[in-house]
Amino acid sequence: MVTPAKIRLGVSKKPVSRESKTAYKQIEHRTVAIDELVGLIQSGHALGAICAGDHVYENFIGRQDIQLDIDASDFGDNPIPYFLNHLFVKQNGYLIYRTRTPGHCRIMFRLSKQITNPVQY
């Protein structure tokens, strides 16, 4: 049996809402498998960079993923089928999911190693 690749990233300590102004800053460092990551997303946790202290540029430690936000009103309420058939996403995508905003999804790409330089990231 192949062990699923884990990913190291920042995860909000609590589920967040659009109204919350500080919850996204309260990030803990986690190493998770994809099934745990899906559970965190479904329960409303924000994902972010690993930081030393507050989740701000100056405190950036690293990130092992790149996420693309797709705001695609041309695709109706669910742009995922289009991107699932896209060759680059098929070959390199780690996770794709809808957000709470209609017509919006996020595509996550897992990097083989953590990028530790914020300018490079």
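The preceding data block contains the structure.
For clarity, every value in this text was computed on a predicted model and none was experimentally measured. (Residues numbered from 1 in each chain as written. Predicted model: local features only at pLDDT ≥ 70, side-chain atom pairs only at ≥ 80, totals over all residues. Heavy atoms only, no water.)

Student: What am I meant to see in the sheet that holds strand 5 (residues 60–71) here?
Tutor: Adjacent strands of a sheet form backbone hydrogen bonds with each other and so pair up, either parallel or antiparallel. Pairing is antiparallel across the open sheet formed by four strands, whose spatial order is 4-5-7-6. Of all strands in the sheet, those bounded by a partner on one side alone are strand 4 (50–51) and strand 6 (95–98). By the bridge criterion, two bridges tie strand 4 to strand 5 in an arrangement that is antiparallel. Looking at the pairing, Cys51 lines up with Phe60 of strand 5. Contacts from helix 1 (residues 34–42) reach strand 6 and strand 7 (104–115) within the one sheet, and its direction differs from that of strand 6 by about 15°. (Pairing = 2+ DSSP bridges. Helix = DSSP H or I, 4+ residues; strand = E, 2+ residues; numbered from the N terminus. Contact = heavy atoms within 4.5 Å. Axes fitted to C-alpha atoms, helices over the stretch in contact; angles between N-to-C directions.)

Student: How should I be thinking about the nonpolar core in this particular structure?
Tutor: Most often, soluble globular proteins keep nonpolar side chains buried together rather than apart. One finds Ile7, Leu9, Val11, Val32, Leu37, Leu40, Ile41, Leu47, Tyr94, Leu95, Tyr97 and Met108 forming the largest nonpolar core, which totals 12 residues. In this structure, Leu37 is in contact with Ile7, Leu9, Val32, Leu47, Tyr94, Leu95 and Met108, ignoring residues within four places of it in sequence. Of all hydrophobic cores here, the second largest spans nine residues; its members include Ile70, Phe83, Ile96 and Ile107. (Core = buried A, V, L, I, M, F, W, Y, C linked by side-chain atoms within 4.5 Å. Buried < 20%, exposed > 50% of the residue type's maximum accessible area, 1.4 Å probe, protein only.)

Student: Would you mind showing me how to read the environment of Val89 here?
Tutor: When you line up the elements, Val89 lands in helix 3 (residues 87–92). For Val89, a relative accessible area of 12% puts it in the buried group. For the pair formed by Val89 and Ile107, sequence separation is 18 residues and the distance between their alpha carbons is 8.1 Å. Beyond its immediate stretch of four places on either side in the chain, Val89 contacts Phe83, Ile107 and Phe109.

Student: In this structure, what is going on with the side chain of Gln67? I would like to understand it.
Tutor: Its place among the elements puts Gln67 in strand 5. Looking at Gln67, its side chain comes within polar contact range of the side chain of Asp65, at 2.9 Å. (Polar contact = N/O pair within 3.5 Å; in protein donor to acceptor, adjacent residues only side chain to side chain.)

Student: How do you make sense of the sheet that holds strand 3 (residues 47–48) when you look at a structure like this?
Tutor: Here three strands make up an open sheet; going across it, the order is 2-1-3 and the pairing antiparallel. Looking along the sheet, the strands with just one partner apiece sit at the ends: strand 2 (27–32) and strand 3. Contacts from helix 1 reach strand 1 (7–12), strand 2 and strand 3, with the element oriented near 145° to strand 2.

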